[in-house]
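Remarks on the overall topology
This is what each chain is made of:
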Amino acid sequence: MSDTPTPGTIIGEVASPPFARLPDPAHLFAERAERFRTLAPGHGLAAYLLFLADIAETQARALTDAPEPTWPAADAIERSYDFHMPPLDRNGFVLDEAFTAVLSRVITGLGDVVMPELARAALGRLQSTDLLGRAVMVRNVLSDAIPAGAFAEHALVAAALQAHFARLAARLAPKRLHPAGDGVCPACGGPPVSSVVVGWQGAHGTRFCVCSLCATLWNYVRIKCTLCGTTKGIAYQGIDGDAGTIKAETCESCRAYVKILHQHTDPSLDPVADDVATLGLDLLLRDAGLRRGAVNPFLFGY
Ligand SMILES: [Zn+2]
Ligand SMILES: [Zn+2]
């Protein structure tokens, strides 16, 4: 064994993180599925976590050889880069052949999966929803306006949107993305699902917000509210007795919180899977009167 220090962990190293890191959909969902499976045994939400592992696998499979997505016009993308706007316009999203195929594959792919009764009923409703109805559900997800009582079927639509948008985001030019505002993904304008402190070489200990829709990571300084941008009144709440690698970053100004995952301590932490698995922390904070500021389709309706 060499006693040469590992690059990236040298004391005094100056971290120079990239502003944005794009998702790698070829691995993202498969790795997330594995993480859900690792978290499930002995967990109070085991059945649900295993179901979400199956959803993540379905997301991965849905992208294999999917039809070519409709790409925004080159001049529109250029303009977005130049004006520091998210190039993927979630508000102007129109269902194309690629997305329609991905959604159908997610629905079909879940047909044989073991799932809670509520999810089975939701899948049935989604199966019998026509294209127009599905387009309305897409709009609901993208505008964060999920009708009460229809959370489960919207979560499935959101899963298809995550796969599709990760695929689109992966094609952007990361060096041409710029901050689009607090709590706003520079690639697609989406809200964060959580934030991660990374252990990457050259960026060790820096923090990134993770987009709930397209899975792009954007650099965001630590001890600053990822929702409203204030640096005052920030505190950290964890669960007593756990590993201490996941905390809620709470903000006195907006009375909300987003979780922060210390991936530099535990590289297996996943921004979506570990968010669901730490629902206990959300319950604790709800009791304290704090609002969950992050968006995770698998916690819709919480
Ligand atoms: Zn995004
Ligand atoms: Zn805030």
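Below is a summary of the structure that appears in this document. (Residues numbered from 1 in each chain as written. Chains lettered and ligands numbered in written order. Predicted model: local features only at pLDDT ≥ 70, side-chain atom pairs only at ≥ 80, totals over all residues. Heavy atoms only, no water.)

The subject of this paragraph is the overall build of the protein chain. Check the secondary structure of the protein chain and you find nine helices and eight strands. Against the compact-globule benchmark of 19 Å for 302 residues, the protein chain has a radius of gyration of 19 Å, which places it among compact chains. By principal-axis analysis of the C-alpha atoms, the protein chain measures approximately 55 × 50 × 50 Å. Residue burial in the protein chain is summarised as follows: out of 302 residues, 50% are buried. (Helix = DSSP H or I, 4+ residues; strand = E, 2+ residues; numbered from the N terminus. Rg over C-alpha atoms; globule rule 2.2 N^0.38 Å. Buried < 20%, exposed > 50% of the residue type's maximum accessible area, 1.4 Å probe, protein only.)

A few words now on the coordination of the zinc ion (ligand 1). Coordination of the zinc ion (ligand 1) by the protein involves C185 (SG), C188 (SG), C211 (SG) and C214 (SG), with metal-donor separations of 2.2 to 2.4 Å. Considering all four donor atoms around the zinc ion (ligand 1), angles at the metal cover 97 to 117 degrees and the coordination shape is tetrahedral. Donor residues binding the zinc ion (ligand 1) come from one chain and are separated in sequence as C-x2-C-x22-C-x2-C. By relative accessible area, C185 is classed as buried at 0%. We classify C188 as buried; its relative accessible area is 1%. (Donors = N, O, S within 2.8 Å, 3.2 Å for Na, K, Ca; no water. Tetrahedral: all angles 85-135°; square planar, octahedral: opposite > 155°, others 65-115°.)

Within the first shell, the zinc ion (ligand 2) binds the protein through C225 (SG), C228 (SG), C251 (SG) and C254 (SG), at distances of 2.3 Å. Seen from the zinc ion (ligand 2), its four donor atoms lie at angles of 106 to 121 degrees, and the figure they make is tetrahedral. Each donor residue of the zinc ion (ligand 2) lies on one chain, and together they are spaced C-x2-C-x22-C-x2-C. Of this pair, C228 sits in the loop between β4 (217-219) and β5 (234-237) while C251 sits in strand β6 (residues 246-251), and the two are 23 residues apart along the sequence.

Burial of nonpolar side chains together is a common tendency in soluble globular proteins. Counting residues in each nonpolar core, the largest one holds 79 residues, and the members touching the most others are L110, L161 and F165. If you tally residues by element for this core, the top one is helix α7 (residues 151-169), at twelve residues. The residues touching F165, leaving out its near neighbours within four places in the chain, are L88, F93, C188, L213 and C214. Grouped together as the second largest cluster of nonpolar side chains are five residues, A248, Y257, L281 and L285 included. (Core = buried A, V, L, I, M, F, W, Y, C linked by side-chain atoms within 4.5 Å. Contact = heavy atoms within 4.5 Å.)

This part takes up the pattern of salt bridges. Opposite charge on two side chains lets them pair, provided their charged atoms get close. Under the criterion given, the structure shown has 15 salt bridges. Between R35 and D274 there is a salt bridge whose closest N-O contact spans 2.8 Å. Of this pair, R35 sits in helix α1 (residues 25-39) while D274 sits in helix α8 (residues 273-277), and the two are 239 residues apart along the sequence. Accessibility assignment for this pair places R35 and D274 in one class, buried. In this structure, D144 engages R90 in a salt bridge whose closest nitrogen and oxygen atoms are separated by 3.9 Å. One end of the pair, D144, is in the loop between α6 (131-142) and α7; the other, R90, is in the loop between α3 (74-82) and α4 (97-109), with 54 residues separating them in the sequence. Three or more residues joined by partner-sharing salt bridges are found here, namely K259, D275, D282 and R292. (Salt bridge = Lys/Arg side-chain N within 4 Å of Asp/Glu carboxyl O.)

For the rest of this paragraph, the subject is the packing of aromatic side chains. One pass over the structure, following the stated rule, counts four aromatic pairs. Ring centres of W200 and F208 lie 4.6 Å apart, and the angle between their planes is 45 degrees; on these two criteria the pair is classed as tilted. Like W200, the residue F208 is buried in the burial classification. One aromatic cluster is present, built from ring pairs that chain together F93, F99 and F165. A cation sits over an aromatic face here: K224 above Y220, 5.3 Å from the ring centre. (Phe/Tyr/Trp six-rings, centres within 6.5 Å; stacked < 30°, edge-to-face > 60°. Lys NZ or Arg CZ within 6 Å of the ring centre and 35° of its normal.)

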